[in-house]
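Observations on the three-dimensional arrangement
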Amino acid sequence: MNTQSPQHSAYDVIIIGGGIMGASTACFLSQNPDFQGKVLVIERDPSYAFASTSHTNSCMRQQFSTALNVQISQFAADYVKNLGHHLNDSRVPALTIQNFGYMYLAADEAMANVLRANHKVQVAAGAATQLLSRDEIAAAYPFYQLDDILLGSINTVDEGYFDGQAVFDWQRRISREAGVEYLAGEVVSLTKNASGTAIESVTLASGDTLACGQLVNATGPRAAVTAAMAGVALPVEPRKRFTWMFSAAEPLDRPLPLTIDPSGVHVREIGGGVYQAGGHTDYDPAVPFDDFAMDHSFWESHVWPIIATRIPQFEAIKVTTEWAGHYAYNTLDQNAVTGPHPEIGNFLFLNGFSGHGLQQSPAMGRGTAEWLTYGEYRSLDLSPFHYERVLTNTPIIEQAVI
Ligand SMILES: Cc1cc2nc3c(=O)[nH]c(=O)nc-3n(C[C@H](O)[C@H](O)[C@H](O)COP(=O)(O)OP(=O)(O)OC[C@H]3O[C@@H](n4cnc5c(N)ncnc54)[C@H](O)[C@@H]3O)c2cc1C
């Protein structure tokens, strides 16, 4: 990364934030022959040490409750499995999806009805989701304790872990080779034109000011701070999510789906007798941007008892690694906010992905690059995610959030 000065004083597109969303957008722009402009990605921390992208669990699922979110994940699966083709580069290694599937477990009729309704949406959109009775779950996955469970929902096609870091690395490499510039620096203010209808320039902490034709806010959990620089209110805040990796004394005899316990705790297969659990405390406020402290008591008092009750073999386990990361949590509906601001037309959102941004990054990067190039979407119509729904307080209710 260039840590000195930008090569130009003006860019056709400036992307603030070089995490997976900024990288994906820059990459799609750089590959589109119809786009000939200069692109700059500005990243305040090129180590990405605290970016959501570095703390992710990197899983994808088709089990959403809106057809659009299912379609977004379908493109993610195609993109990951055919990354070399999409990047048009024979150096790119073949990636696979570790298809253990997500297993949603319902312990009451209300949740079972949500699974049934979601199943209809998913199957209509082409996903291979199956509803399983308690007996069917027990037959396929005998390690679960299921006394309280009424229904399960699982899909083992294009649903599981993928190597998001490899996608991220290759997108940055390919786009830099195609002329995208990356600059280490923190954007501290935005300047609008006299009528307030466009962003003219960004100013860095270094004092440099760079003119932009269009500007993308891809600043993850800090998205609301960036939006506020344009005088725009965005309901996105950093919320803490914990991850634990553990090894089991007696590994399970078959792959463990990413199991979403009715309590909200989730646990999944890594491989080689290693597993991963995640969750968050009921008290779930916005946290300071630099607060990544672990809550060790939460594992002991909450997460471990839940997973050991659900899977009795997990009584005998030991934590090997743990970390806290931040969701860019959209308090309106935990869904993306994309597209242009209705009045500041050259200011684009790419925000609020909560717990599903890694898998959404191919479709979101593609769609944002289309909007930047053509002023419209040419593949998936992402307009339901536009900022207008924030102004009208019209959430997109997504029942399958984690
Ligand atoms: C614990 C955890 C588990 C997750 N698991 C999954 C999962 O299994 N599947 C899935 O799909 N998603 C998952 N996610 C969500 C996913 O990781 C995120 O949605 C995604 O990484 C968001 O990428 P981003 O580029 O928007 O944000 P980030 O990765 O946070 O990148 C934003 C970048 O902007 C930079 N920035 C901020 N402000 C400025 C500024 N003023 N100037 C310059 N740069 C700036 C930051 O330094 C940062 O690098 C998980 C997230 C967490 C925390």
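Predicted, not measured: the structure shown is a model, and the values here were computed from it.

A few words on the overall build of the chain. Counting its regular elements, the chain contains 11 helices and 18 strands. Whereas a compact globule of 402 residues would reach a radius of gyration of roughly 21 Å, the chain reaches 21 Å, a difference of no more than 12%. Summarising its shape, the C-alpha atoms of the chain cover approximately 65 × 45 × 40 Å along the three principal directions. Counting over 402 residues, the chain shows a buried share of 55%. Within the chain, contacts between residues at least 6 apart in sequence are counted, and of these 75% link residues at least 24 apart. When the accessible area of the chain is evaluated, it comes to approximately 16,000 Å², of which 51% is carbon and sulfur surface. Within the chain, the 41 negative side-chain charges are centred at a point lying 2 Å from the centre of the 23 positive side-chain charges.

Okay, helix H3 (residues 67-81) next. For H3, spanning 15 residues, the distance from its first C-alpha to its last is 21 Å, which sits close to the expected 21 Å at 1.5 Å a residue. Restricting attention to buried positions, one finds in H3 the residues Leu-68, Asn-69, Val-70, Ile-72, Ser-73, Phe-75, Ala-76, Ala-77, Tyr-79 and Val-80. For H3, the secondary structure elements touched by its buried residues are helix H1 (20-31), strand S3 (59-60), helix H4 (83-87), helix H5 (109-124), helix H7 (164-177) and helix H10 (357-374).

According to the stated counting rule, one finds 20 aromatic pairs in the structure shown. Arranged with centres 5.8 Å apart and planes meeting at 50°, the rings of Phe-75 and Tyr-79 form a pair that is tilted. A residue pair is termed a helical-turn pair when its members lie 3 or 4 positions apart in one helix, as Phe-75 and Tyr-79 do in helix H3 at four residues. Owing to a relative accessible area of 0%, Tyr-79 belongs among the buried residues under this scheme. With 5.1 Å between their ring centres and 80° between their planes, Phe-246 and Phe-314 make a pair best called edge-to-face.

Moving on, we get to unusual backbone geometry. Phi angles above zero are rare outside glycine, and Ser-58 is one such case at about 55°. Along the polypeptide, Ser-58 turns up in the loop between helix H2 (52-55) and S3. For Ser-58, a relative accessible area of 7% translates into the label buried. Phi at Asn-393 is positive, roughly 55°, even though this residue is not glycine.

The environment of the ligand is formed by 37 residues, the closest being Glu-43, Ser-52, Thr-53, Cys-59 and Gln-359. In this structure, an oxygen atom belonging to the ligand sits 2.5 Å away from a side-chain N or O atom of Thr-53. Here Thr-56 contributes a side-chain N or O atom positioned 3.2 Å from an oxygen atom of the ligand. Its free accessible area being 1,000 Å², the ligand has 95% of it covered by the protein chains. For the shell around the ligand, the secondary structure elements donating two or more residues are H1, strand S2 (39-43), H2, strand S12 (236-248), strand S16 (317-330) and H10. Partitioning the shell around the ligand into residue classes produces 13 nonpolar, 19 polar and five charged. Taken domain by domain, the shell around the ligand gets at least three of its residues from each of domain 1 (10-61 + 164-234 + 332-391) and domain 2 (102-159 + 237-330).

A pair of packed helices can be characterised by two numbers: the angle between their axes and the separation between those axes. Following both chains from N to C, one finds H3 and H10 inclined at 95°, their axes separated by 7 Å at the closest point. One finds that H3 runs roughly perpendicular with respect to H10. Of H10, the residues touching H3 (which contributes Asn-69, Ile-72, Ser-73, Phe-75, Ala-76 and Tyr-79) are Gln-359, Gln-360, Pro-362, Ala-363, Met-364 and Arg-366. Its residues assigned to classes, the contact of H3 with H10 comprises seven nonpolar, four polar and one charged.

A separate point is the pattern of salt bridges. In the structure shown here, the tally under the stated rule is 16 salt bridges. Note that Asp-284 and Arg-241 form a salt bridge whose closest N and O atoms lie 2.9 Å from each other. In this pair, Asp-284 is assigned in the loop between strand S15 (274-279) and helix H9 (296-310) and Arg-241 in strand S12, connecting sequence segments 43 residues apart. In terms of burial, Asp-284 and Arg-241 fall into one category: buried. The closest approach of N and O atoms between Arg-310 and Asp-261, which form a salt bridge, is 2.7 Å.

Now for the domain arrangement of the chain. For the chain, the domain assignment lists domain 1 (10-61 + 164-234 + 332-391) and domain 2 (102-159 + 237-330). On a C-alpha basis, the centres of domain 1 and domain 2 stand 31 Å from each other. The partner domain 2 presents 21 residues to the 23 residues of domain 1 that form the contact. Carbon and sulfur atoms make up 54% of the surface buried where domain 1 meets domain 2, a total of about 1,800 Å² over both sides. The three residues of domain 1 that bury the most area against domain 2 are Asn-57, Arg-61 and Pro-221, which together make up 31% of that side's buried surface. There are 12 residue pairs in polar contact (both at pLDDT 80 or more) connecting domain 1 and domain 2. The set of elements that each furnish at least two residues to the side of domain 1 that touches domain 2 consists of H2 and S3. In terms of residue class, the side of domain 1 that touches domain 2 is made up of nine nonpolar, 10 polar and four charged.

Now for H10. Along an α-helix, a turn takes 3.6 residues, which lines up residues three or four apart on a common side. For H10, which comprises 18 residues, the first-to-last C-alpha distance of 24 Å matches the rise-based estimate of 26 Å (1.5 Å per residue) to within 8%. When the local axis directions of H10 are compared, the greatest deviation, roughly 35°, occurs at Ala-363. Within H10, 15 of the 18 residues are buried, leaving the element largely enclosed by the surrounding structure. Note on H10: the residue one or two positions beyond its end, Gly-375, has a positive phi of about 75°.

Conventions and cut-offs
- Residues numbered from 1 in each chain as written.
- Predicted model: local features only at pLDDT ≥ 70, side-chain atom pairs only at ≥ 80, totals over all residues.
- Heavy atoms only, no water.
- Helix = DSSP H or I, 4+ residues; strand = E, 2+ residues; numbered from the N terminus.
- Rg over C-alpha atoms; globule rule 2.2 N^0.38 Å.
- Buried < 20%, exposed > 50% of the residue type's maximum accessible area, 1.4 Å probe, protein only.
- Contact = heavy atoms within 4.5 Å.
- Areas by Shrake-Rupley, 256 points an atom, 1.4 Å probe, with all protein chains shown as cover.
- Lys, Arg positive; Asp, Glu negative; His and termini not counted.
- Charge placed at Lys NZ, Arg CZ, Asp CG, Glu CD.
- Expected span 1.5 Å × (residues − 1).
- Phe/Tyr/Trp six-rings, centres within 6.5 Å; stacked < 30°, edge-to-face > 60°.
- Near = heavy atom within 4 Å.
- Polar contact = N/O pair within 3.5 Å; in protein donor to acceptor, adjacent residues only side chain to side chain.
- Nonpolar A, V, L, I, M, F, W, Y, C, P; charged D, E, K, R; others polar.
- Domains from an automatic or database assignment.
- Axes fitted to C-alpha atoms, helices over the stretch in contact; angles between N-to-C directions.
- Parallel < 35°, antiparallel > 145°, perpendicular 65-115°, else oblique.
- Salt bridge = Lys/Arg side-chain N within 4 Å of Asp/Glu carboxyl O.
- Buried area = accessible area lost by both parts, 1.4 Å probe.
- Bend = angle between axes of the 7 residues up to and from the residue.

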